[in-house]
Amino acid sequence: MIELSKNIADYLESLYDRDFVENYRKYIESYPNQYIRIDPFSDHQSLIERLKNYGIELEKTVLPFAYKVLKGSDKIGKTLEFTLGLYYVQSLSSMIPPHILNPTYNDLTLDLCAAPGSKTTQLAELMERKGTLIANEVNQQRVGSLNFNVDKMNLSCIGVMKQKGELISKTFDNFFDKILVDAPCSALGIVQKKNEVSNWWNLEQAEKIAEVQFKLLVSAIKAAKVGAEIIYSTCTLTIEENEFVLDKILKKYPVEIEEFDLPLKHVPGFTKFGEFENPKLALAKRIIPWDNDSEGFFVAKLRKKSETEPLVQSNYSKSHKIFFIHDHKFIKPYLNQLHEYFGIEKDILARFKYIQSRSDLLFVNKDWVVEENSYFIKLGLKLGVIDRKDKLNLHSDAARTFGKFATKNKIVIDSKEDLEIYLNGSTIKKELDALGQKIVEYEGMILGSAVQTKEGLKSQFPRNLRTNEILLQ
Ligand SMILES: C[S@@+](CC[C@H](N)C(=O)[O-])C[C@H]1O[C@@H](n2cnc3c(N)ncnc32)[C@H](O)[C@@H]1O
């Protein structure tokens with residue numbers, strides 16, 4: 001059971017009141033409800049039916065892409081569909097900031113503090129998996145989970161940067177149309193899930209984090225075009241983060257705070273506290289956790305009104321432009337191999353641009369605009385590896401993107417035993433007429449690639465996905 005620390009209880013009583021503290025205590029002692037997010041442009045009904053077979057029951061929420069898990073929450077993170085990224089487990093409140101930002105694929109979009117990628121992957125889905133979405137994260141280990149989620153959700157419209165968010169406008173000044181600043185915070189809205197917060201939380205720490213938030217917002221404003229939208233969100237309930245940060249920003253930088261519709265129950269931001277007063281902050285919104293059976297959040301929408309001074313002139317040497325459109329003479333032979341071997345139509349392959357990274361080939365959607373690929377530690381998804389005979393071996397991630405368009409060398413696994421072997425990365429003892437690579441399908445879902453050898457069908461299911469415990473219906 002989570003103990004509510006005296007620091008937190010005293011703080012909340014001073015900002016809110018005693019009833020709030022009592023509600024907070026009850027909230028952190030209860031179990032969090034689980035929610036899932038399904039790509040708004042996918043077939044929800046067939047996925048809901050599949051999940052029923054595991055004993056998972058879902059209920060609609062006010063957000064059209066979010067469902068509450070009524071039954072089977074112990075299974076929701078273990079299904080094959082979860083492993084294949086057909087849905088994402090995420091709190092309802094956490095889905096709000098991307099929902100408000102609501103980018104389309106025409107918006108150059110930045111997620112400044114992105115790991116582990118719950119909101120990045122949601123933004124990519126809102127952008128219909130196209131366009132340019134840059135996901136930045138400073139912490140190396142957390143970049144690993146961001147990359148993992150981008151691959152798992154099979155998103156080829158994302159470039160991952162590892163950079164102090166404060167410095168992003170060195171690279172991208174006056175550039176983006178939409179920016180999410182889901183800032184590091186003192187996490188009072190998610191103590192139910194992150195209970196160690198109760199051990200370290202104190203006001204000095206919250207104030208230190210507020211300074212970082214301020215700097216991140218300044219950086220986002222510089223990186224935004226005039227007219228661009230910035231969503232600032234935190235999962236904490238203090239006024240030192242949230243309102244005080246916004247107040248300083250609104251006084252010093254050319255942004256205005258704007259109204260927006262928030263479909264969950266919420267309260268306006270504080271406009272007065274002690275000597276502090278700023279009526280505009282009523283446009284910011286606070287989600288109180290127990291009002292919505294979810295987490296506590298704070299959200300505000302800003303619009304950049306005029307030019308800002310660049311942080312430092314960018315002097316980055318731009319020397320790594322190695323994108324290839326589909327009919328470039330370098331990439332064409334490899335795409336022809338995919339066309340001839342798997343029967344993938346050329347117009348499907350033309351929906352992407354291609355990048356060489358040593359012997360690997362990568363792909364991003366064709367609308368990707370940032371030509372300089374050395375900014376990114378990960379860009380797009382893996383298409384495959386070129387072997388010594390100059391043959392392209394298709395990567396499982398690419399098999400998942402292109403598999404539904406393949407008409408040849410595609411095989412269907414039809415037993416649970418074989419499925420388990422495939423998911424373990426082992427070899428299914430199976431004889432096929434032709435040796436070589438195959439795209440593997442199970443119950444209408446593309447699992448990845450495999451190679452038929454004389455011993456059988458050797459799985460190429462990605463190693464990092466194999467470690468999951470996967471339940472089969
Ligand atoms: C609230 S979390 C982001 C959660 C993420 N948006 C999601 O929905 O999955 C804040 C993230 O900011 C990162 N962070 C902290 N300081 C940063 C900085 N100076 N620049 C960029 N990212 C930072 C943290 O490592 C953390 O991953």
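About the thresholds
Starting from 1, residues in each chain are numbered consecutively following that chain's sequence as written. In keeping with the model being predicted, local features are shown solely for residues with a pLDDT of at least 70 and side-chain atom pairs are shown and tallied solely at 80 or more, while totals for entire chains, interfaces and linings include all residues. Working definition: helices are DSSP H or I runs of at least four residues, strands are E runs of at least two. Numbering for both runs from the N terminus. Taken over C-alpha atoms, the radius of gyration is set against a globule rule of 2.2 Å times the number of residues to the power 0.38. Here exposure depends only on C-beta density: within 10 Å of a residue's C-beta, 20 or more other C-beta atoms make it buried, 12 or fewer make it exposed, and intermediate numbers make it partly exposed, the C-beta atoms being placed from the backbone. In this description, a residue-residue contact is defined by the distance between C-beta atoms placed from the backbone, which must lie within 7 Å. Where helices are involved, their axes are fitted lines through C-alpha atoms of the stretch in contact, as for all axes, and angles between N-to-C directions lie from 0 to 180°. Each helix crossing is assigned a hand: it is left-handed if the near helix lies turned anticlockwise from the far helix by less than a right angle, otherwise right-handed if that turn is clockwise. For this classification, the nonpolar set comprises Ala, Val, Leu, Ile, Met, Phe, Trp, Tyr, Cys and Pro, the charged set comprises Asp, Glu, Lys and Arg, and every other residue, Gly included, is treated as polar. Marked domain ranges trace back to an automatic or database domain assignment. To form a nonpolar core, buried Ala, Val, Leu, Ile, Met, Phe, Trp, Tyr and Cys residues must be joined through C-beta atoms within 7 Å. Two strands are said to pair when DSSP picks up at least two bridges between them. Roughly parallel covers angles under 35 degrees, roughly antiparallel covers those over 145, roughly perpendicular covers 65 to 115, and oblique covers all other angles. Only the C-beta atom, placed from the backbone, is used; a residue is near a molecule or strand if that atom lies within 6 Å of it. A helix's residues, less one, multiplied by 1.5 Å, set its expected span. The directions from the helix axis to the C-beta atoms are what the arc is built from.

1. A closer look at the overall build of the chain
No. 1: Secondary structure assignment for the chain yields 16 helices and 26 strands.
No. 2: In terms of overall size, the chain behaves like a compact globule, its C-alpha atoms giving a radius of gyration of 24 Å where 473 residues would be expected to give roughly 23 Å.
No. 3: The principal-axis extent of the C-alpha atoms belonging to the chain is close to 80 × 55 × 35 Å.
No. 4: Buried residues in the chain amount to 46% of all 473 residues.
No. 5: Taking contacts inside the chain between residues at least 6 apart in sequence as the whole, the part at least 24 apart equals 71%.

2. Digging into the packing of helix α10 (residues 203–223) against helix α11 (residues 243–252)
In a pair of packed helices, the angle between the axes and the distance between the axes together describe the arrangement.
No. 1: It is at 9 Å that the axes of α10 and α11 come closest, and there the two elements cross at 40°. You can see that α10 and α11 cross each other, and the crossing is right-handed. Listed contacts from α11 to A210, Q213, F214 and L217 of α10 are F244, V245, K248 and I249.
No. 2: A breakdown of the residues in the contact of α10 with α11 according to their chemical character gives six nonpolar, one polar and one charged.

3. A look at the domain arrangement of the chain
No. 1: Domains assigned within the chain are domain 1 (93–304), domain 2 (318–393) and domain 3 (409–465).
No. 2: Placing the centre of domain 1 and that of domain 3 at their C-alpha centroids yields a distance of 41 Å.

4. With respect to the nonpolar core
No. 1: Ranked by internal contacts, the top residues of the largest apolar core, which has 133 residues, are I179, V181, A220 and I230.
No. 2: With eight residues, α10 is the single largest residue contributor to this core.
No. 3: Setting aside residues up to four positions removed in sequence, I179 forms contacts with L110, L112, A220, A223, A224, A228 and I230.

5. Focus: the sheet that holds strand β24 (residues 436–442)
No. 1: In space, the five strands of this open sheet follow the order β22-β24-β25-β26-β23, with mixed pairing throughout. Each of the sheet's edge strands pairs with one partner strand only, and the pair in question is β22 (410–413) and β23 (427–428).
No. 2: As judged from the three bridges shared by strand β25 (residues 445–452) and strand β26 (residues 457–459), these two strands associate in the antiparallel manner. Along β26, the bridge assignment pairs Q452 with L457.

6. Comments concerning the sheet that holds strand β17 (residues 352–357)
No. 1: Sheet architecture is open: five strands sit in the order β16-β17-β18-β20-β21, paired in antiparallel fashion. Each edge of the open sheet is held by one strand with a lone partner, namely β16 (323–324) and β21 (392–394).
No. 2: The sheet contact formed by strand β18 (residues 360–365) and strand β20 (residues 381–386) spans four bridges and is antiparallel. Bridging from a neighbouring strand, D360 pairs with V385 of β20.

7. Remarks on the packing of helix α1 (residues 6–15) against helix α2 (residues 18–29)
No. 1: Here α1 crosses α2 at 140°, and the two axes come no closer than 7 Å. What the angle tells us is that α1 and α2 run oblique. Pair α1 / α2 crosses with right-handed handedness. Residues A9, L12 and E13 of α1 pack against R18, F20, V21 and Y24 of α2.

8. What about the site of the ligand?
No. 1: Within the structure, the ligand sits among 19 residues, and C113, S118, K119, G165 and D182 are positioned closest to it.
No. 2: Those elements that provide at least two residues to the shell around the ligand are α6 (118–126) and β6 (133–137).

9. Notes on the pairing of β18
No. 1: Judged by how many residues are buried, β18 sits mostly within the fold: five of six residues are covered.
No. 2: The pairing of β17 with β18 spans six bridges and is classified as antiparallel. Each residue of the ladder has a partner; that of S357, found in β18, is D360.
No. 3: Hairpin remark: β17 followed by β18, antiparallel, with two residues in the connecting loop; positive phi at R358, about 50°.

10. Looking at helix α7 (residues 140–152)
No. 1: The terminal C-alpha atoms of α7, which comprises 13 residues, lie 19 Å apart, in line with the 18 Å expected from a rise of 1.5 Å per residue.
No. 2: Every buried residue of α7 is accounted for by V143, L146, N147, N149, V150, D151 and K152.
No. 3: Phi turns positive one or two residues past the end of α7, at N154, with a value near 60°.

11. Some thoughts on the pairing of β24
No. 1: Where β22 lies against β24, four bridges are found, and the strand directions are parallel. Paired with I411 across the bridge in β24 is V440.
No. 2: By the bridge criterion, seven bridges tie β24 to β25 in an arrangement that is antiparallel. Paired with G436 across the bridge in β25 is Q452.
No. 3: The turn linking β24 back onto β25 is made up of two residues, and E443 within it adopts a positive phi angle of 45°.

12. Topic: unusual backbone geometry
No. 1: Here the residue pair A115 and P116 is connected by a cis peptide bond, since its omega of 5° sits within 30 degrees of zero.
No. 2: Positive phi, normally seen in glycine, also occurs at N409, with a value near 55°.
No. 3: Here N409 lies in the loop between α14 (396–402) and β22.
No. 4: Under the C-beta neighbour-count criterion, N409 is labelled partly exposed, with 17 such atoms within 10 Å.

13. Things to note about helix α12 (residues 332–342)
A turn of α-helix holds 3.6 residues, and therefore any two residues three or four places apart point the same way.
No. 1: Residues of α12 that are buried: Y334, L335, L338 and F342. For α12, the arc enclosing every buried residue in end-on projection is 100°, short of the 170-degree limit, so these residues lie on one face. Among the exposed residues of α12, those oriented more than 90 degrees off its buried face are P333 and E340.
No. 2: Residues of α12 that are buried in the fold lie against α13 (346–349), β18, β21 and β24.
No. 3: Looking one or two residues beyond α12, the residue adopting positive phi is G343, at roughly 70°.

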